[in-house]
Amino acid sequence: MRRFLLISAAGFSFFVLVLIAIGLSMDNTFSAGAEQEIDAKPEEVYAFISDMDNWHKWAGWADEKQNQIEITREGPKSGVGATIRWDAKNSVGRLTITDAKPDEGIWYEVAMESDEVNAHGSVTFTEKDGKTVVVWEDYGDLPPVIGGYFRAYVNEQLSTHY
């Protein structure tokens, strides 16, 4: 019986080490994005997306009723330094605008499930044929070892929310 337990423990340990080795060798970065043409002027788009009080109106992850999420704003209401924090059933984090150009868009950093910044993104726009093409991009790092296992899931989830 003792021999069986030793062999089982060794086999389980080997299996865990293999999973760790595979996880360490996997790409743990994510990136997602979307593009949408809308019937609005670039200055209207900028005013809307740079105002943190509006993010819950368009960001799919910020659906307060669906995710039971509490959102608080810090710093200026819009532009560089504007920050939102969220605390949801399955997620906590903060998003801060790091650059804002009324004729180009906004850039931001995100600390998700951590105090450390682990993602960056942008919402940029250009005028085309009287409409505005809005491009959202988000990219970052998932935790080592397990991040690679969840990369495809995170990419898919982010892409479906925008």
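Right above here is the structure, for reference.
Worth saying up front: this structure is predicted, and the values here are computed from it rather than measured.

1. Let's talk about the packing of aromatic side chains
In total, this model carries 1 aromatic pair according to the counting rule given. Geometry around W107 places K101 over its ring, the cationic atom sitting 5.5 Å from the centre.

2. Re the sheet that holds strand β6 (residues 119–128)
Taken together, 7 strands build an open sheet; the order of strands is β1-β7-β6-β5-β4-β3-β2 and the sheet is antiparallel. Edge strands, defined here as strands with exactly one partner in the open sheet, are β1 (29–38) and β2 (70–74). Averaged over all pairs of adjacent strands, the angle between their axes in this sheet comes to 15°, without regard to strand direction. Note that β2 and strand β3 (residues 83–87) share 5 bridges and pair antiparallel. Across the sheet, R73 pairs through a bridge with I84, a residue of β3. Helix-sheet contacts for helix α2 (residues 42–49) involve β1, β4 (92–101), β5 (105–112), β6 and β7 (131–141), and the interaxial angle to β6 is about 160°.

3. A short note on the environment of Y139
Looking at where Y139 falls in the secondary structure, it is placed in strand β7. For the pair Y139 and T29, spaced 110 residues apart in sequence, the C-alpha separation works out to 7.3 Å. If we ignore the near neighbours within four places in the chain, the residues touching Y139 are F30, S31, A119, H120 and G121.

4. Quick word on the nonpolar core
Core analysis: the biggest nonpolar cluster contains 25 residues, and M52, W55, L95, I106, Y108 and V123 have the highest contact counts within it. Those elements that place two or more of their residues in this core are β1, α2, β3, β4, β5, β6 and β7. Excluding its chain neighbours within four sequence positions, the residues that come into contact with V123 are I49, W58, E104, G105, I106, Y108, V134, V135 and W136.

5. Thoughts on unusual backbone geometry
Excluding glycine, residues mostly have negative phi values, and the peptide bonds linking residues are mostly trans. Unusually for a residue other than glycine, D129 sits at a positive phi of about 55°. Position of D129 relative to the elements: it lies in the loop between β6 and β7. On the basis of relative accessible area, D129 is assigned to the exposed category, the value being 73%.

6. Comments concerning the environment of T124
By the element assignment, T124 lies in strand β6. In this structure, the C-alpha to C-alpha distance between T124 and I49, residues 75 residues apart in sequence, is 9.7 Å. Dropping the residues within four chain positions of it, T124 is found in contact with E104, G105, W107, V133, V134 and V135.

Each value, and the rule that gives it
- Residues numbered from 1 in each chain as written.
- Predicted model: local features only at pLDDT ≥ 70, side-chain atom pairs only at ≥ 80, totals over all residues.
- Heavy atoms only, no water.
- Phe/Tyr/Trp six-rings, centres within 6.5 Å; stacked < 30°, edge-to-face > 60°.
- Lys NZ or Arg CZ within 6 Å of the ring centre and 35° of its normal.
- Pairing = 2+ DSSP bridges.
- Helix = DSSP H or I, 4+ residues; strand = E, 2+ residues; numbered from the N terminus.
- Axes fitted to C-alpha atoms, helices over the stretch in contact; angles between N-to-C directions.
- Contact = heavy atoms within 4.5 Å.
- Core = buried A, V, L, I, M, F, W, Y, C linked by side-chain atoms within 4.5 Å.
- Buried < 20%, exposed > 50% of the residue type's maximum accessible area, 1.4 Å probe, protein only.

Read these as layout, nothing more, since geometry by itself doesn't imply function.
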